[in-house]
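What the coordinates show
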Amino acid sequence: MKKVFVAGHNGMVGSAIVRQLEKQADVELVLRSRKELDLLNQQAVADFFATENIDEVYLAAAKVGGIVANNTYPAEFIHQNLMIQCNIIHGAHLANVQDLLFLGSSCIYPKLAEQPMTESALLTATLEPTNEPYAVAKIAGIKLCESYNRQYGRNYRSVMPTNLYGPHDNFHPENSHVIPALLRRFHEAKLNNLPEVVAWGSGKPMREFLHVDDMAAASIYVMELDKKTYEANTQEMLSHINVGTGIDCTIRELVETVAKVTGYEGSISFDATKPDGAPRKLMDVSRLKDLGWEYSISLEEGLTHSYQWFLDNQDNFRK
């Protein structure tokens, strides 16, 4: 029986990892809420590791938010994420925890990175200014893992997901990401018999989306890879692995699929005066494919699943 600590188990990714690890008979999950363990407190985290005899760590805890939050609170985003990562990675090392998986973000790559984005694009150019503090913290997490591996022979790995969605997503009307925002808008348009839904932008930008259950499966897969296979497909100072579908769609296609999934039958238009953002953001997932893992949940299937979860939990999303 191995004791596995999932940091951030109440979040979208952490809860998906927990759901899958619960199915493994040889895993004893160790979970702590924010009230039970303050990950910003170095001594509390060190004491936790010193007493719990943890075998593996999934580091899914982070301070996250959209563009507005990143722009408004850059100090909190860089400080809190650096503290969480430093406390957990160093605490795990001090307690002789050999295996750890750090979950990052695709925002680590340069703003104008060549598409699709390969792992080697890291630190080659300027980051997107709006979320640079968050991205710098995530890059530091990767380098922390690589540094403990180099100096102490640890087995600390990093995965970088594309845009995620699914159960336990944030469906808040003002600060949610594109998929939960669209699911809620089309649901409410259907309920109120609105004749038209207007989507922001031209609908032409292309984005990649991965269901969080696939992300959890990929995380566990990468964690459980034997060291020889993992190291054969990574490098000492380029050890992170992109996780995505390797397939993108236009925002127009996404909007039309959301309308279909929610059963909205009105018309859809696009307000091209609103910003589009980057024309394309796609991950190169060939490294992960070479390691033997591919996604299994299609966008329409995943959206259907997410919409049902929203319907089952919508009382939690009232204003």
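Owing to the predicted nature of the structure, the values given are computational and were not obtained by experimental measurement. (Residues numbered from 1 in each chain as written. Predicted model: local features only at pLDDT ≥ 70, side-chain atom pairs only at ≥ 80, totals over all residues. Heavy atoms only, no water.)

Describing the packing of helix α6 (residues 178-191) against helix α9 (residues 251-262)
It is at 9 Å that the axes of α6 and α9 come closest, and there the two elements cross at 45°. Relative to α9, α6 is oriented oblique. Seen along the crossing, α6 lies across α9 with a hand that is right-handed. In this structure, α6 uses V178, I179, L182, L183, F186, H187 and K190 to contact α9, whose residues at the interface are L254, V255, V258, A259 and T262. Of the residues belonging to the contact of α6 with α9, the class tally is nine nonpolar, two polar and one charged. (Axes fitted to C-alpha atoms, helices over the stretch in contact; angles between N-to-C directions. Helix = DSSP H or I, 4+ residues; strand = E, 2+ residues; numbered from the N terminus. Parallel < 35°, antiparallel > 145°, perpendicular 65-115°, else oblique. Left-handed = near helix turned anticlockwise from the far one by under 90°. Contact = heavy atoms within 4.5 Å. Nonpolar A, V, L, I, M, F, W, Y, C, P; charged D, E, K, R; others polar.)

Here we look at the packing of aromatic side chains
A complete count under the given rule lists nine aromatic pairs for this structure. Aromatic side chains F77 and Y134 sit 6.3 Å apart centroid to centroid with 80° between the ring planes, which places their arrangement in the edge-to-face category. One end of the pair, F77, is in helix α4 (residues 74-94); the other, Y134, is in helix α5 (residues 132-152), and 57 residues separate them in sequence. Each member of the pair F77 and Y134 is classed as buried. On the basis of an interplanar angle of 35° and a centroid distance of 6.4 Å, the ring pair of Y148 and Y156 is categorised as tilted. The same class applies to Y148 as to Y156, namely buried. Here a set of aromatic residues connected by ring pairs shows up, and it is made of F5, F48 and F49. The ring of Y230 carries R157 above its face, with NZ or CZ at 4.1 Å from the centroid. (Phe/Tyr/Trp six-rings, centres within 6.5 Å; stacked < 30°, edge-to-face > 60°. Buried < 20%, exposed > 50% of the residue type's maximum accessible area, 1.4 Å probe, protein only. Lys NZ or Arg CZ within 6 Å of the ring centre and 35° of its normal.)

Details of unusual backbone geometry
Excluding glycine, most residues fall at negative phi; most peptide bonds, likewise, are trans. The peptide bond linking Q115 to P116 adopts the cis configuration, its omega dihedral lying at -10°. Tracing the sequence through the fold places P116 in the loop between β4 (99-103) and α5. A positive phi angle, near 70°, is found at H168, a position not held by glycine. Of note in this structure, N193 is not a glycine but carries a positive phi near 55°. Residue placement: N193 occurs in the loop between α6 and β7 (196-200). Under the relative-accessibility criterion, N193 is labelled exposed at 67%.

Regarding the pairing of strand β2 (residues 27-30)
In this structure, strand β1 (residues 2-7) lies alongside β2, joined through four bridges in parallel fashion. Bridging across to β2, V4 finds its partner in L29. Note that the unit made of β1, helix α1 (residues 12-21) and β2 has a crossover that is right-handed. (Pairing = 2+ DSSP bridges. Right-handed = clockwise from strand over helix to strand, strands pointing away.)

A few points about the nonpolar core
Ranked by internal contacts, the top residues of the largest apolar core, which has 39 residues, are F5, L39, F49, V57, I88 and L100. Among the elements that line this core, the one with the most residues is α5, at seven residues. Apart from the residues lying within four places of it in its own chain, the contact partners of L100 are V57, I88, I89, A92, C145, N155, Y156, R157 and M223. Ranked by size, the runner-up nonpolar core spans 29 residues in total, among them V13, Y58, M215 and M223. (Core = buried A, V, L, I, M, F, W, Y, C linked by side-chain atoms within 4.5 Å.)

So, the sheet that holds strand β3 (residues 56-59)
Pairing between the strands of a sheet is mediated by backbone hydrogen bonds and can be parallel or antiparallel. One open sheet holds the six strands; their spatial order is β2-β1-β3-β4-β5-β10, and the pairing between them is parallel. Looking along the sheet, the strands with just one partner apiece sit at the ends: β2 and β10 (241-243). Ignoring which end each strand starts from, the neighbouring axes of this sheet average 25° apart. Together, β1, β2 and β3 form the strand contacts of helix α2 (residues 42-52), whose direction differs from that of β1 by roughly 165°. Those strands touched by α4 are β1, β3, β4 and β5 (155-161), and its axis lies near 170° from that of β3.

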